[in-house]
Every structure is written in structure tokens, then in C-alpha cells.
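# Observations on the three-dimensional arrangement
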Amino acid sequence: QEVISYPLVGLEALRKVNSLDRAGSPLRISNPLAAGQEYLRPTLRASLLETLAANEGHSEGPFRLFEAGRVFHPRDGQLPEEPQMVAGILAGRRWEPSWLEGDGRLDFYDAKGVVEGLLDRLGIPATYEPFDDPALQPGRCAQVLAGPPRRVKLGVVGEVHPAVRQGFDLKTQPVAFFELGLDALLQVQPPSRRG
């Protein structure tokens, strides 16, 4: 399911996903229309996790959500950088409840499988290396790198850190997550696959 959210977020939501230290101070708009929508988002993580939290009250899943959109990174004395990103979360049961299937939960490997499927369709070979991200669980996080001949960081895949899940009052665990830079994907996509 695609999520389309406002590009404005609150400082508290950014704190919950540990985004404040990674990209510097977010850009505050001068005339916000509502509390909680005062800053241009530096990441898609907060809005996806808020959407998951809102939907958990209506269903036990499975949840498979993604969003594609611009994020905003400040630059000294210039307009912000506005990279295009795609991010997704997977949570809940892997299958609908049935006596034929176990109670498997969506996890890191499911998110990695989504990323692998996307990159395979785009013709982009990739490798995965352990990575530390404050919003993701240590040991369950990897950076996604374009494979040979050029090594370009495409994004990250992992499971949301328990402290972040608690900050959003998420009941479902684990919550798998991926985030990819669309500009990086276009940079390494073979010319024969562009269209």
C-alpha cells in the first residue's frame, strides 16, 4: 500500500526516529499551519511509522507500506538539497491466519527480499554490509551498496530499534524497514533498463 504524507513533520516525531543528529537541524518553516507540522522532513521514516501506529488500531496486519517522495536537507546559505527517496515498512504476520501456515512474522529478511526484487528488476547488482543506524536495531541493519563495477550507497535495510517502536507506541514487532535514494538508483541503473 502506498502512503502519501505531508512533507511537514513535528520535531517530536523526528526525535523519535533519531533523525536530528544525522542531518543537522531540520528546516523550520516560518508560518506553520499546525503544531506538529513545522519542519520540512529530512526523512520518510517518521511519517511511515506514524501511519503504521494509526493503522495498528484497526487491524493486526500484515502491514506493507511504502512512500516515495522528497526529503529536505539544509545547506548553508543555499536552498535545501531535495533528494527523492523511497522507504517502506513491513510488519505483522507474513501470511493471513490459516491452519496451513505458521505464525511467521515479517522481518529483516522480508525487507531485504523486497529490496533485492526491486534492484533485480532494475538490473542493479547490489551487496549488503553491516551498518549502524540509530533508528535501526544493531545486528539487524545493513547498508545497500551497488555492486561492481561502481560502489555507490543506495540505502539501508533493517529492523526498527525497540526504543523507536516504543516511541511510536507500536505493538507489532518486529518492524522491518528499508530506505533507498532514487537519485542513487538512477545513477547506477544500466542504460538498457532506463525507460
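Remember, it's a predicted structure, so these values are computed and weren't measured experimentally. (Residues numbered from 1 in each chain as written. Predicted model: local features only at pLDDT ≥ 70, side-chain atom pairs only at ≥ 80, totals over all residues. Heavy atoms only, no water.)

### Here's the deal with the packing of aromatic side chains
The test is simple: Two aromatic rings from Phe, Tyr or Trp, using only the six-membered ring of Trp, form a pair when their centres are within 6.5 Å; if the ring planes differ by under 30 degrees the pair is stacked, by over 60 it is edge-to-face, and anything between is tilted. A 1.4 Å probe rolled over the protein chains alone gives each residue an accessible area, and that area as a share of the maximum for its type sets the label: buried under 20%, exposed over 50%, partly exposed in between. In this analysis the charged atom, NZ for Lys or CZ for Arg, is taken to sit over a ring once it is within 6 Å of the ring centre and within 35 degrees of the ring normal.
Summed over all chains, the structure comprises one aromatic pair. Considering the side-chain rings of F108 and Y109, the 5.1 Å spacing of their centres and the 85 degrees angle between planes classify their relative orientation as edge-to-face. Its relative accessible area of 10% is what places F108 among the buried residues. Its end group placed over the ring of F168, K16 keeps NZ or CZ at 5.1 Å from the ring centre. Directly above the aromatic system of Y128 lies the positively charged group of K112, at a separation of 4.6 Å from the ring centroid.

### Description of the sheet that holds strand 3 (residues 63-70)
As a reminder of what qualifies: DSSP calls a pair of strands paired once it identifies at least 2 bridges connecting them. Secondary structure follows DSSP: runs of H or I at least 4 residues long count as helices, runs of E at least 2 residues long count as strands, and numbering of each begins at the N terminus. Each axis is a line fitted through C-alpha atoms, and for a helix only the stretch in contact is used; angles between axes span 0 to 180 degrees, taken between their N-to-C directions. Residue contacts follow a heavy-atom distance rule, with two residues in contact if any of their heavy atoms lie within 4.5 Å.
With respect to topology, six strands assemble into an open sheet ordered 3-6-10-9-8-7, the strand pairing being antiparallel. Each of the sheet's edge strands pairs with one partner strand only, and the pair in question is strand 3 and strand 7 (126-130). Neighbour to neighbour, the strand axes of the sheet diverge by 15 degrees on average, direction disregarded. Pairing of strand 3 with strand 6 (residues 84-91), which is carried by eight bridges, proceeds in the antiparallel orientation. Across the sheet, residue F66 finds its bridge partner in strand 6, namely G88. Seen against the sheet, helix 2 (residues 45-56) touches strand 3, strand 6, strand 9 (153-160) and strand 10 (175-181) and runs at an angle of roughly 150 degrees to strand 3.

### Digging into the pattern of salt bridges
To keep things clear, this is the line we draw: Salt-bridge detection follows one rule: a side-chain nitrogen of Lys or Arg within 4 Å of a carboxyl oxygen of Asp or Glu.
Under the definition given, this model contains nine salt bridges. In this structure, the salt-bridge partner of R45 is D133, at a minimum N-O distance of 2.9 Å. Of this pair, R45 sits in helix 2 while D133 sits in the loop between strand 7 and strand 8 (136-146), and the two are 88 residues apart along the sequence. A single burial state applies to R45 and to D133, both of which are buried. Between E179 and R45 there is a salt bridge, with the nearest N and O atoms lying 3.0 Å from each other. Placement of the pair is E179 in strand 10 and R45 in helix 2, with a sequence separation of 134 residues. Take E179 and R45: they sit in the same class, and that class is buried. A network of salt bridges, in which partner residues are shared, links R45, D133 and E179.

### What about unusual backbone geometry?
The bulk of non-glycine residues show a negative phi, and the bulk of peptide bonds are trans. In this chain, Q173 is followed by P174 through a cis amide linkage whose omega measures -10 degrees. One can find P174 in the loop between helix 4 (162-167) and strand 10. For D169, which is not a glycine, the phi torsion comes out positive at approximately 55 degrees.

### Here we look at the layout of surface pockets
Where we set the bar: Residues are said to line a cavity or pocket when one of their atoms sits within 4 Å of a point; the points come from a 1 Å grid over protein atoms alone, cavities being sets where a 1.4 Å probe fits but cannot get out and pockets being open sets with protein on both sides within 12 Å along at least five of seven lines. Grid points are joined across faces, edges and corners, and a volume is the space filled by probe spheres set on the points. Charged means Asp, Glu, Lys or Arg here, nonpolar means Ala, Val, Leu, Ile, Met, Phe, Trp, Tyr, Cys or Pro, and polar covers whatever is left, Gly included.
The calculated volume of the second largest pocket comes to roughly 150 Å³. Broken down by secondary-structure element, the contributors of at least two residues to the lining of the second largest pocket are strand 3, strand 6 and helix 3 (108-122). Counting residues per element, the lining of the second largest pocket draws most heavily on strand 6, which supplies four residues. Here the residues of the lining of the second largest pocket are counted per class, giving eight nonpolar, one polar and one charged.

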